[in-house]
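# Tertiary structure, described
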Amino acid sequence: MFLTKAWRCLDGADYEPSSDHFGVMQNALAYMLMQLADDKAQSVMLLPAWPCSWDASFRLHAPKQTTITGSVVDGKLSYVVSPSSREADVKAFACQHIA
């Protein structure tokens, strides 16, 4: 197999090597759990695209040295924000009901 400068394999595969190690899937799940708002406070949106039927435990790192630790069980979110001064900048959304 030969790689060109654009990370394209000449034998048929046309993806970056990091796509082969579940990096893309990990990023997608993280974005489903947390997204950043485009505001001066650098607010955090929790569960903007998380299905209610999926349970998860998480520890997420956000701007301004913020860590959000929590879980989603049966569509119910519980979380702790550290430092506590950033709690007002974290907005929790309802999980997504998917038919």
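One structure accompanies this document, and this report is about it. Note that the coordinates shown come from a computational prediction; the quantities given were computed from them, not determined experimentally.

### Description of the nonpolar core
Side chains that are nonpolar tend, in soluble globular proteins, to be buried together. Ranked by size, the top nonpolar core spans 17 residues in total, and within it Met34, Val44, Leu46, Trp50 and Ile68 carry the most contacts. Counting residues per element, the ones that place at least two in this core are helix H1 (23-33), strand S2 (44-46), strand S3 (56-62) and strand S4 (66-73). Those residues within four positions of Leu46 in sequence are excluded, and the remaining contacts are Leu33, Met34, Leu60, Ile68, Leu77, Tyr79, Val90, Lys91, Ala92 and Phe93.

### Remarks on the sheet that holds strand S6 (residues 90-92)
The strands making up a sheet are joined through hydrogen bonds of the backbone, oriented either antiparallel or parallel. Pairing is mixed across the open sheet formed by three strands, whose spatial order is S1-S2-S6. This sheet does not close on itself; its edge strands, each paired only once, are strand S1 (34-36) and S6. Each strand axis lies, on average, 25 degrees off the axis of its neighbour in the sheet, ignoring direction. Against the sheet, H1 contacts S1 and S2, and its axis sits at roughly 75 degrees relative to S1.

### Thoughts on the pairing of strand S5 (residues 76-82)
Pairing of S4 with S5, which is carried by seven bridges, proceeds in the antiparallel orientation. Opposite Gly70, over in S5, you have Tyr79 as the bridge partner. Counting the residues between successive antiparallel strands, the hairpin from S4 to S5 contains two residues, one of them, Asp74, with a positive phi of roughly 55 degrees.

### Section: the packing of aromatic side chains
Taken as a whole and judged by the stated rule, the model has one aromatic pair. Ring centres of Trp50 and Trp54 lie 5.4 Å apart, and the angle between their planes is 85 degrees; this geometry places the pair in the edge-to-face category. By relative accessible area, Trp54 is classed as partly exposed at 39%.

### Points about the sheet that holds S4
The antiparallel open sheet is built from three strands, whose spatial order is S3-S4-S5. Across the chains shown, the open sheet's two edge strands, defined by having one partner strand only, are S3 and S5. The average undirected angle you get between the axes of adjacent strands in this sheet is 15 degrees.

### Notes on the side chain of Ser71
Along the polypeptide, Ser71 turns up in strand S4. Apart from the residues within four sequence positions on either side, Ser71 is in contact with Ala56, Ser57, Phe58, Lys76, Leu77 and Ser78.

### Looking at unusual backbone geometry
Residue Pro83 is bonded to the preceding Ser82 through a cis peptide linkage, with omega at 0 degrees. Locating Pro83 in the fold gives a position in the loop between S5 and S6. We note that Leu47 has phi near 60 degrees; this positive angle belongs to a residue other than glycine. For Leu47, a relative accessible area of 2% puts it in the buried group. A positive phi angle, near 55 degrees, is found at Gln65, a position not held by glycine. Relative to the helices and strands, Gln65 resides in the loop between S3 and S4.

Rules of the game
Numbering of residues begins from 1 in every chain and follows the order in which that chain's sequence is written. Only residues with pLDDT of at least 70 are given local features in this predicted model, and only at 80 or more are side-chain atom pairs given and counted; all residues enter the totals for whole chains, interfaces and linings. Water and hydrogen atoms were dropped before computing side-chain values, which therefore reflect all heavy atoms in the structure. Here, the term nonpolar core denotes a set of buried Ala, Val, Leu, Ile, Met, Phe, Trp, Tyr and Cys residues that are joined through side-chain atoms within 4.5 Å. Burial classes follow relative accessibility: with a 1.4 Å probe on protein chains only, a residue under 20% of its type's maximum area counts as buried, one over 50% as exposed, and anything between as partly exposed. Numbering goes from the N terminus for both helices and strands, where a helix is a DSSP run of H or I of at least four residues and a strand is a run of E of at least two. Whether two residues are in contact is decided by their heavy atoms, any of which lying within 4.5 Å being enough. Should DSSP find at least two bridges between two strands, the strands are taken to pair. To define axes, lines are fitted to C-alpha atoms, for helices over the stretch in contact only, and angles between the resulting N-to-C directions are given on a 0 to 180 degree scale. When the centres of two rings from Phe, Tyr and Trp lie within 6.5 Å, Trp using its six-membered ring, the rings pair. Their planes under 30 degrees apart give stacked, over 60 give edge-to-face, and anything left gives tilted.

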